[in-house]
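Take a look at the letters that make up each chain.
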Amino acid sequence: MTTDYDPIAEQYQLSKQQPWRRYIESYGLLDLAGDLAGKAVVDLACGEGFYSRLLKHGGAQRVLGVDSSQGMIDLARKQEVEQQAGIEYQLSDVREMGHAGEFDLAVAAWLLNYASTTEQLEAMCQAVSGCLKPGGRFVTINSSPLIDWLTIPSYRKYGFEALFGNEMRPGAPITWKFYLENETFDIENYYLSQSAHEEALHGAGFSEINWRPLQVSAEGTAAYEAGYWDTFLTVQPVVFIECVKG
């Protein structure tokens, strides 16, 4: 997991305003999260608290955000001081957070894709399972292991490119280059197969593992001309995963 988020925390925060992140990522992740009323929710790899705040405002009784970047947690805590939503934030690698069996729901926008080996992936899944109550759910958005990364199209019009090498091997890097108004920044993810993900999740005690395809919200469909989202939806670079702790 090589990306250092401390120097790019503010740029990453700005990237959340890109239309695909609003109309596909946020729409889909919050839809999968479902009814939050009275729920205890942990937001893993929470960054500057973007989803932590949406989850709390969506009705969750308790929200804990966990991230390993000091810069991200500093931004999250600054916004908590300004908005006072009642969200807790913890500076920690997810694999070392140590909150056994407390939460009804774990949400992660971009977590498992930072594992470059099956051992790292297994450790992440074990940690996620360990913070959930029996029957608790885990919903996440992840770089997709379901597509052929060697033949992906350009996603430049959506505000990013996904750059891949010349071999679909375990641990191969996927570089996401984000284009903001006056600057760019890169984030490195890693490729692991669908079977590697399912084995790690099953091994951590998850069942009912579902891979959910992307959909564009009605607002996102109305905001752009017909066909605008076709490239993104035809070769979907990201995917949602939903599973239940057995």
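To keep things clear, this report deals only with the structure shown in the data block. (Residues numbered from 1 in each chain as written. Predicted model: local features only at pLDDT ≥ 70, side-chain atom pairs only at ≥ 80, totals over all residues. Heavy atoms only, no water.)

### Observations concerning the overall build of the protein chain
Phase 1: Each helix and strand counted, the protein chain has 8 helices and 10 strands in total.
Phase 2: Rg of the C-alpha trace for the protein chain: 17 Å, near the compact-globule value of 18 Å for 246 residues, within the 12% margin.
Phase 3: Referenced to the eigenvectors of the C-alpha coordinate spread, the extents of the protein chain come out at roughly 40 × 40 × 35 Å.
Phase 4: Here the contacts in the protein chain between residues at least 6 apart in sequence split such that 70% fall between residues at least 24 apart. (Helix = DSSP H or I, 4+ residues; strand = E, 2+ residues; numbered from the N terminus. Rg over C-alpha atoms; globule rule 2.2 N^0.38 Å. Contact = heavy atoms within 4.5 Å.)

### Remarks on the state of the cysteines
What makes a disulfide is a covalent bond joining the sulfur atoms belonging to two cysteines.
Phase 1: Scanning all chains against the criterion turns up 0 disulfides.
Phase 2: Note on C125: no disulfide assigned, nearest cysteine sulfur contributed by C243 at a separation of 7.5 Å. (Disulfide = S-S within 2.5 Å.)

### A look at the pattern of salt bridges
Phase 1: Within the structure shown, the criterion is met by 10 salt bridges.
Phase 2: Residues K177 and D186 are paired through a salt bridge, measuring 3.0 Å at the closest nitrogen-oxygen approach.
Phase 3: Put simply, R62, E88 and E102 are held in one network by salt bridges that share partners. (Salt bridge = Lys/Arg side-chain N within 4 Å of Asp/Glu carboxyl O.)

### Overview of helix 2 (residues 19–33)
Phase 1: With 15 residues, helix 2 should cover 21 Å at 1.5 Å per step; its first-to-last C-alpha distance of 20 Å lies within 8% of that length.
Phase 2: Remark: the principal bend of helix 2, roughly 30 degrees, maps to S26.
Phase 3: Considered for burial, the residues of helix 2 that qualify are W20, R21, Y23, I24, E25, S26, G28, L29, L32 and A33.
Phase 4: Directly after helix 2, the chain includes G34, whose backbone phi takes a positive value near 75 degrees. (Expected span 1.5 Å × (residues − 1). Bend = angle between axes of the 7 residues up to and from the residue. Buried < 20%, exposed > 50% of the residue type's maximum accessible area, 1.4 Å probe, protein only.)

### Focus on the nonpolar core
Phase 1: W20, L44, F138, W149, F160 and F232 are the most contacted members of the largest nonpolar core, which totals 86 residues.
Phase 2: If sequence neighbours within four positions are ignored, F138 has contacts with A106, A108, L112, V128, L132, L201, F206, I241, E242 and C243. (Core = buried A, V, L, I, M, F, W, Y, C linked by side-chain atoms within 4.5 Å.)

### Let's talk about the pairing of strand 2 (residues 62–67)
Phase 1: Across the 6 residues that make up strand 2, a large majority, 5, are buried.
Phase 2: Pairing between strand 1 (residues 40–44) and strand 2: 5 bridges, direction parallel. Note on strand 2: the bridge partner recorded for L44 is V66.
Phase 3: At this point the chain moves from strand 1, through helix 3 (residues 50–57), to the parallel strand 2, and the crossover so formed is right-handed.
Phase 4: As defined by bridge partners, strand 2 adjoins strand 3 (residues 88–91) across 4 bridges and the pair is classed as parallel. Within strand 3, the position partnered with L64 by the bridge is E88.
Phase 5: Regarding the hand of the β-α-β motif, the stretch spanning strand 2, helix 4 (residues 70–83) and strand 3 is right-handed. (Pairing = 2+ DSSP bridges. Right-handed = clockwise from strand over helix to strand, strands pointing away.)

### A word on the packing of helix 5 (residues 118–130) against helix 6 (residues 194–203)
Between two packed helices, what matters for the description is the angle formed by their axes and the separation of those axes.
Phase 1: Two elements in contact, helix 5 and helix 6, have axes whose closest approach is 8 Å; the angle formed by their N-to-C orientations is 40 degrees. With respect to their mutual orientation, helix 5 and helix 6 come out oblique. For the crossing formed where helix 5 meets helix 6, the hand is right-handed. On helix 6, the residues that touch T118, L121, E122, C125 and Q126 of helix 5 are A196, H197, A200, L201 and G203.
Phase 2: Across the contact of helix 5 with helix 6, the residue classes tally to 5 nonpolar, 4 polar and 1 charged. (Axes fitted to C-alpha atoms, helices over the stretch in contact; angles between N-to-C directions. Parallel < 35°, antiparallel > 145°, perpendicular 65-115°, else oblique. Left-handed = near helix turned anticlockwise from the far one by under 90°. Nonpolar A, V, L, I, M, F, W, Y, C, P; charged D, E, K, R; others polar.)

### Thoughts on unusual backbone geometry
Phase 1: A positive phi angle is found at Q84, which is not glycine, with a value near 50 degrees.
Phase 2: Checked against the element boundaries, Q84 lands in the loop between helix 4 and strand 3.
Phase 3: Residue classification places Q84 among the exposed residues on the basis of a relative accessible area of 65%.
Phase 4: One non-glycine residue, W110, adopts positive backbone phi at about 75 degrees.
Phase 5: Checked against the element boundaries, W110 lands in the loop between strand 4 (103–109) and helix 5.

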